[in-house]
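Architecture and fold: a report
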Amino acid sequence: MGQIKVKGTMQRVAMFDENRVIGHVMRYSPMKENDLVSYIAQSSQIPESKILACTLAIREAITFFVLNGHHVDLGKFGIFGIRSKQKAVTDAEQVNPNLVKHLTIGFKPSAEIKRAIESLRIEVEV
């Protein structure tokens, strides 16, 4: 299904007080929206203009729902939602917006994506 490359680099490991070779997954350039649209259009025989309109609408919908407190389940891909860290108080009357310390977007991959990751072929880059 998929393949990633791992490359070893020498770096300092403080826990062992010595240099060791650490394997790192090689990262490639990010895929731009136009690249994604072109790929989808080629594999679906749907014009790029329609694919672009759909991706913009999907992005808008996901943003709207997530920023309004919903989790958005994208089926076989995974779930997006707001994650938060907040301070605890001793009484419910003390709860207020200032207790929220941090908000972020969370993503939980589906079981299918997790299985796909487990089956990735890993190749060592020399």
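Structure shown above.
A short tour of the structure in this document, coming up. (Residues numbered from 1 in each chain as written. Predicted model: local features only at pLDDT ≥ 70, side-chain atom pairs only at ≥ 80, totals over all residues. Heavy atoms only, no water.)

Residue placement: Leu-74 occurs in the loop between strand 3 (72-73) and strand 4 (78-86). Residue class for Leu-74 comes out partly exposed when judged on its relative accessible area of 31%. A C-alpha to C-alpha distance of 34 Å links Leu-74 and Glu-125, two positions 51 residues apart in sequence. When near neighbours in sequence (up to four residues on either side) are disregarded, Leu-74 contacts Ile-62 and Phe-80. (Helix = DSSP H or I, 4+ residues; strand = E, 2+ residues; numbered from the N terminus. Buried < 20%, exposed > 50% of the residue type's maximum accessible area, 1.4 Å probe, protein only. Contact = heavy atoms within 4.5 Å.)

The next point concerns the packing of aromatic side chains. Per the counting criterion, the structure on display carries 3 aromatic pairs. Consider the rings of Phe-64 and Phe-65, whose centres lie 5.2 Å apart with planes at 80°: the pair is edge-to-face. Since its relative accessible area comes to 39%, Phe-65 is described here as partly exposed. An angle of 40° between the planes, with centres 5.1 Å apart, marks the rings of Phe-77 and Phe-107 as tilted. You can see Phe-77 sitting in the loop between strand 3 and strand 4 and its partner Phe-107 sitting in strand 5 (residues 100-109), a full 30 residues away along the chain. (Phe/Tyr/Trp six-rings, centres within 6.5 Å; stacked < 30°, edge-to-face > 60°.)

Time to look at the sheet that holds strand 2 (residues 18-25). What the 3 strands build is an open sheet, ordered 2-1-6; its pairing is mixed. Edge positions in the open sheet fall to strand 2 and strand 6 (121-125), since each of these has one partner strand only. Between one strand axis and the next, the sheet turns by 35° as a mean value, whatever way the strands run. (Pairing = 2+ DSSP bridges. Axes fitted to C-alpha atoms, helices over the stretch in contact; angles between N-to-C directions.)

The next thing to look at is the pattern of salt bridges. This model, assessed by the stated rule, comprises 4 salt bridges. Close ionic contact of Glu-125 with Lys-5 constitutes a salt bridge, the shortest N to O distance being 3.7 Å. Note that Glu-125 is positioned in strand 6 and Lys-5 in strand 1 (residues 3-13), a separation of 120 residues in sequence. Glu-125 gets classed as partly exposed once you look at its relative accessible area, which sits at 29%. Ionic pairing is found between Arg-20 and Glu-18, a salt bridge with its closest N-O pair at 2.9 Å. The exposure class of Glu-18 is partly exposed, given its relative accessible area of 35%. (Salt bridge = Lys/Arg side-chain N within 4 Å of Asp/Glu carboxyl O.)

All right, on to a nonpolar patch on the surface then. Taken together, Leu-67, Ile-82, Val-100, Leu-103 and Ile-105 make up a surface patch of nonpolar side chains, about 440 Å² in accessible area. Per-element tally for the nonpolar patch: the top contributor is strand 5, with 3 residues. Its location among the elements puts Ile-82 in strand 4. On the accessibility criterion, Ile-82 (32% relative accessible area) is partly exposed. (Patch = residues over 30% accessible without salt bridge, like charges linked within 9 Å, V, L, I, M, F, W, Y side chains within 5 Å. Areas by Shrake-Rupley, 256 points an atom, 1.4 Å probe, with all protein chains shown as cover.)

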